[in-house]
Amino acid sequence: MLTTIIRRDLLLAYRRRSDVLTTLFFFVIVVSLFPLGVGPEMKTLRLIAPGVVWVAALLASMLSLNRLFAADYQDGTLEQMLLAPQPLALIVLGKIVAHWLVSGLPLALMAPVLGMQFDLPPAALGILFLALLLGTPILSLIGAIGAALTLGLRGGGVLLSLLVLPLYIPALIFGAGAVEAYSAGLSPEGHLSLLGALLILTGLAAPWVTAFALRIAME
Amino acid sequence: MLEAAHLTCQRGERSLFTNLSFTLGAGELLQVAGPNGSGKTSLLKLLCGLSPPVAGEIRWQGAPARGEDFRRQLFYLGHQHAVKEELSALENLHISAELAGEPLTDVEALDALARIGLAGREHLPAKVLSQGQKRRVALARLLVSKAPLWILDEPLTALDVAAVDLIQSRLAEHLANQGMVVLTTHQALQVPGVTPCRIELD
């Protein structure tokens, strides 16, 4: 069941490639604007790099969130998912995994390349990648709750940002903190462990909460 | 057996129907009739468990009609046809069947699409199909569904005469196999050998 949903959503994303590319290019452009705006001061750039990359990743993942359930809601597929003889949380988890594969993983893969513009040393780029690899699934998981809660509302997109962005703060702090700790000569292990713990926690809770919110939205 | 006892449905402040009771046995067809906005779709959504009734109870084979076991025995065709524009007719049929826990082989799926009149169009994306053809993609599930309880919301809209005949004969076949059907339609329904029970909502 899980693989059916993931395959379906990946196929749909492939047929609508432009949506996926928009998110990725948004991320690339926002991150690239900072070195141009701040100027070629290497020390400042190295300092702001983790924060800039992470905030851009948060905003980029927000962009694709309102599409998570909206299309299925409009064409009636969501009704069929609610009536499927499998737990709705499992279907939701499949959709979240697919969402991460098309909108979170590319950001993590792209981040080391973008980090070079900020003169980050190779080891820091590695940690940035690792932190995003652990952190972007958290963004998709928490975002799914928000997307389900704002489903079918007019102006839901803005409300979704207001609802979800504050919940992204822990991921932002530990994610950016990991790279900052390394730059300060400390071990990033603590930050990455906390990020991993956060991922496990949201991974266990978010599908159920999202499924519950979807049932309410469909009544 | 599907039993509804003393159902009440409210939409906002407005009460759509109160104290509605009926029983549907094996091999019976229930047609829900009434003008637009009288609560036909709301009643169907109550029956399949998408929304809870304000009062009353729905029972399937003696137990409350909820949970995965009930959903496995249910085929629901909604107002929107749940057909993805980007996917082909064949992919749509495969995915909706898998979602319902009744996966199809390619041969079965192609056969169902051919019978519903989509031969030669199996691999076209649904967005280039006409309204009636999209409806046929959704209805192809009807030809292969093994669920005993069918709840169909306006299954005959946008269909031509031949397709209406095909659906009606499929309904007759399902009822002859001890299936049950609840449907809404504004068209005159002629299912061979079956007298539909009717509920009039106002």
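Residues numbered from 1 in each chain as written. Chains lettered and ligands numbered in written order. Predicted model: local features only at pLDDT ≥ 70, side-chain atom pairs only at ≥ 80, totals over all residues. Heavy atoms only, no water.

Caption draft 1: Region of the structure containing the packing of helix H3 (residues 42-65) of chain A against helix H10 (residues 169-183) of chain A. Residues and elements named next belong to chain A. For the pair H3 and H10, the least separation of the axes is 9 Å and the interaxial angle reads 150 degrees. For the element pair H3 / H10, the angle class is roughly antiparallel. Here H3 and H10 pass one another in a crossing that is right-handed. On H10, the residues touching Pro50, Gly51, Trp54, Val55 and Leu58 of H3 are Ala171, Leu172, Gly175, Ala176, Val179 and Glu180. (Axes fitted to C-alpha atoms, helices over the stretch in contact; angles between N-to-C directions. Helix = DSSP H or I, 4+ residues; strand = E, 2+ residues; numbered from the N terminus. Parallel < 35°, antiparallel > 145°, perpendicular 65-115°, else oblique. Left-handed = near helix turned anticlockwise from the far one by under 90°. Contact = heavy atoms within 4.5 Å.)

Caption draft 2: Focus on the domain arrangement of chain B. All names here are of chain B. Domain boundaries assigned for chain B yield domain 1 (1-73 + 147-202) and domain 2 (82-145). One C-alpha centre belongs to domain 1, the other to domain 2, and the line joining them spans 23 Å. Taking both partners together, domain 1 and domain 2 bury about 1,100 Å²; carbon and sulfur atoms supply 60% of that area. Of all residues in domain 1, Leu166, Ile167 and Arg170 give up the largest surface area on contact with domain 2, accounting jointly for 37% of the area buried on that side. (Domains from an automatic or database assignment. Buried area = accessible area lost by both parts, 1.4 Å probe.)

Caption draft 3: Unusual backbone geometry, seen in detail. A positive phi angle, near 50 degrees, is found at B:His6, a position not held by glycine. Following the sequence through the fold, B:His6 ends up in strand S1 (residues 2-11).

Caption draft 4: How the structure looks around the pattern of salt bridges. One pass over the full model with this rule turns up 20 salt bridges over all chains. Measuring nitrogen to oxygen at the nearest pair gives 3.7 Å for the salt bridge that ties B:Glu102 to B:Arg141. Placement of B:Glu102 in the loop between helix H3 (89-99) and helix H4 (106-115) and of B:Arg141 in helix H5 (residues 131-144) is noted, with a sequence separation of 39 residues between them. Accessibility expressed as a relative area gives 14% for B:Glu102, which makes it buried. According to the relative accessible area criterion, B:Arg141 is buried, its value standing at 5%. Residues joined by salt bridges that share partners form a network here, namely A:Arg8, A:Asp9, A:Asp72, A:Asp75, A:Lys95 and B:Lys84. (Salt bridge = Lys/Arg side-chain N within 4 Å of Asp/Glu carboxyl O. Buried < 20%, exposed > 50% of the residue type's maximum accessible area, 1.4 Å probe, protein only.)

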